[in-house]
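# Secondary and tertiary structure notes
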There are 2 protein chains.
Amino acid sequence: MKPTATALQTAEEPADTGAQQIRDAIRDAIVERRLSPGTKLSESDVGNLFNVSRTLARAALQALSYEGLVNVEKNRGAFVAYPSPEEARQIFAARRLVEPGILREAAARITPSQIQHLKQLLLEEGRLMGERGQTARRAEIKASGDFHLTLAAISGNAIMQRFMDELVARSSLVIALYGQSTISSCGHSEHGDVVAAIERNDLDEACQLMLHHIAHIEADLDLRERKSVGLKEAFEL
Amino acid sequence: MKPTATALQTAEEPADTGAQQIRDAIRDAIVERRLSPGTKLSESDVGNLFNVSRTLARAALQALSYEGLVNVEKNRGAFVAYPSPEEARQIFAARRLVEPGILREAAARITPSQIQHLKQLLLEEGRLMGERGQTARRAEIKASGDFHLTLAAISGNAIMQRFMDELVARSSLVIALYGQSTISSCGHSEHGDVVAAIERNDLDEACQLMLHHIAHIEADLDLRERKSVGLKEAFEL
DNA sequence: TCAGGCTAAATTGTATACGATAATCTGCAC
DNA sequence: GTGCAGATTATCGTATACAATTTAGCCTGA
């Protein structure tokens, strides 16, 4: 019961060594949409794929389920999450709720070099948008999410940063499921507008732009309930 | 790769059967401050305590580490989290960031019966405050957190609700570590003021009161860095 | 042909086993 | 008595084993 003097526990890795890698690999696959919602992730398969035992595979899947990227159903197994329209709405409601606040915090602490970094990100994002091919598309998806994540990082609040991690990842799933326009997940120019507003220190405008941006992404979704169309309706066209 | 028709996955339990109970039991113990920050939670001990194998004990501890209630250090074991002053600040910054938004959402959807429920909670809280004894004290701690959690539940956003769960639990740890006034963790009357403001539909005032309330809790903390006082200073009085 | 139930295969839930790492203790040299 | 090296113990990391549950297939009988 001694205090163990765990004072300087500033930023350690959260957990296991092995499971971490697997979790990250699967998460990337989900976020970049190489794994479709609903795909079954059996423990044995995951284990074989990464040459580890089911123990580690299971740990990784558990971890992903805490982030909401995977649903594990008792005695049935783990599946890439298949967010319902209601869940999708809640994810974006959460983003509208927190992102303005994060933006304000970030703007208050941002340094010139960090602004530079943000701009570099935008450049990269634009470049990828020009290219074609799946690889570029995936990189673009990641980059557009990274913009929001970078803002959270700049805000300096590790807790909000982790939360945004989760929200951005889950957003990617939602877009994969309900997105309509084949085009990018995130209006690229809108990111630039936000940075510009930050640069001229117009916080209210920046928040407004951010809210618009989120609304814009959400507007591209078709959130009508598709309740297991697998019935006859699917063939009665 | 079939869609598996996982449509109505509205609100299932996230994971295992056994580990869940253990996790909840430990979490309650932490939130009610029966377990002090820094306490070691060895996998074997936890397993023996609940009469399960290390496998389940480990899973429970991992889960708690995702919520930030437990730190698991590689090859060393799991400890009840010992939040640094910086972490404490971030936890409350996060609460200031999200709770007004949650409050607004909640106020927009609240029903008369839910208002009634909130008032009942306040009554209960007040009653506990009058009693004495550890049991009452612990129940009071839980109740005062439940106020914030109930608001999140009323907001109807499951994601924000889970996030608040985490924040409230971690707040309890922070208060256990840095709280000064022996008295309750939450100004009880302030909860009542918030409800009153909601009732007369004065949202701006309600948010203002909520922010004050959070600031009030935070003001009771002594967040000075106590860096492993274990040195001579501890004995040079 | 189709419904129903039984059996077998696959998959998850949990426990145990073994190797690896870190903490602790012991004894020897100084 | 102090300091360090080696051995010992405790604990974690990962794999494997076995039990329980679900799923799919198959056969049978109307």
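Look up: the structure comes first, before these words.
Only a predicted model underlies this, so the values are computations on that prediction, with no experimental measurement involved. (Residues numbered from 1 in each chain as written. Chains lettered and ligands numbered in written order. Predicted model: local features only at pLDDT ≥ 70, side-chain atom pairs only at ≥ 80, totals over all residues. Heavy atoms only, no water.)

### Some points on the overall build of chain A
Cut-off, in case you're wondering: Numbering of helices and strands starts at the N terminus; helices are DSSP runs of H or I of at least 4 residues and strands are runs of E of at least 2. Between buried and exposed lies partly exposed: a residue is buried under 20% and exposed over 50% of the maximum accessible area for its type, with that area taken using a 1.4 Å probe on protein chains only. The criterion used for residue contact is that any of the two residues' heavy atoms lie within 4.5 Å. Computed by Shrake-Rupley with a 1.4 Å probe, the accessible areas treat only the displayed protein chains as cover when residues are assessed.
Of regular secondary structure, chain A possesses 9 helices and 3 strands. Each helix and strand of chain A, placed in order from N terminus to C terminus, yields the pattern α-β-α-α-β-β-α-α-α-α-α-α. Going through the 237 residues of chain A one by one, you find that 50% of them count as buried. Expressed as a percentage of contacts within chain A between residues at least 6 apart in sequence, the contacts between residues at least 24 apart total 74%. In the form shown here, chain A has an accessible surface area of approximately 12000 Å², with 52% of it arising from carbon and sulfur atoms.

### A short note on the packing of helix α6 (residues 134–155) of chain B against helix α8 (residues 188–199) of chain B
Residue and element names in this part refer to chain B. Test applied: Geometry is summarised by axes, namely lines fitted to C-alpha atoms with helices restricted to the contacting stretch, and by angles between N-to-C directions that run from 0 to 180 degrees. The cut-offs work like this: below 35 degrees is roughly parallel, past 145 is roughly antiparallel, 65 to 115 is roughly perpendicular, and the gaps in between are oblique. By definition, turning the near helix anticlockwise from the far helix through less than a right angle yields a left-handed crossing, and turning it clockwise yields a right-handed one.
Their axes nearest at 11 Å, the elements α6 and α8 cross at an angle of 25°. Judged by the angle between their axes, α6 and α8 are roughly parallel. In terms of crossing hand, the pair formed by α6 and α8 is left-handed. Residues S144, F147, H148 and L151 of α6 form the contact with α8, whose own contacting residues are H191, V194, V195 and I198.

### Overview of the protein's contact with DNA strand D
Spelled out, the test is: We call a residue near a molecule or strand as soon as one heavy atom of that residue lies within 4 Å of the molecule or strand. Two N or O atoms count as a polar contact when they lie within 3.5 Å, although within protein this holds only if one can serve as hydrogen donor and the other as acceptor, and sequence-adjacent residues are included solely when both atoms are side-chain atoms.
Around DNA strand D lies a shell of 18 residues, among which T17(A), S53(A), T55(A), R76(A) and R58(B) are the nearest. Among all atoms of DNA strand D positioned within 4 Å of the protein, those belonging to sugar or phosphate total 67%. Contacts to DNA strand D include E43(B), whose backbone N or O atom sits 3.4 Å from a phosphate oxygen. For the surface near DNA strand D, the secondary structure elements donating two or more residues are α3 (54–66) of chain A together with α3 (54–66) of chain B.

### Observations concerning the nonpolar core
So the rule is basically this: For this analysis, a nonpolar core means a set of buried residues of the types Ala, Val, Leu, Ile, Met, Phe, Trp, Tyr and Cys, connected via side-chain atoms within 4.5 Å.
Counting 82 residues, the largest nonpolar core has V98(A), F147(A), M160(A), V98(B), F147(B) and M160(B) as its most contacted members. When near neighbours in sequence (up to four residues on either side) are disregarded, V98(B) contacts L97(A), V98(A), M160(A), M160(B), F163(B), M164(B) and L167(B).

### Considering the protein's contact with DNA strand C
Around DNA strand C, 19 residues are found, and the nearest of them are R58(A), T17(B), S53(B), T55(B) and R76(B). Per the 4 Å cut-off to the protein, sugar and phosphate atoms form 65% of the nearby atoms of DNA strand C. The side chain of N75(B) places a nitrogen or oxygen atom 3.5 Å from a sugar or linking oxygen of DNA strand C. Every element with two or more residues in the surface near DNA strand C is listed here: α3 of chain A together with α3 of chain B.

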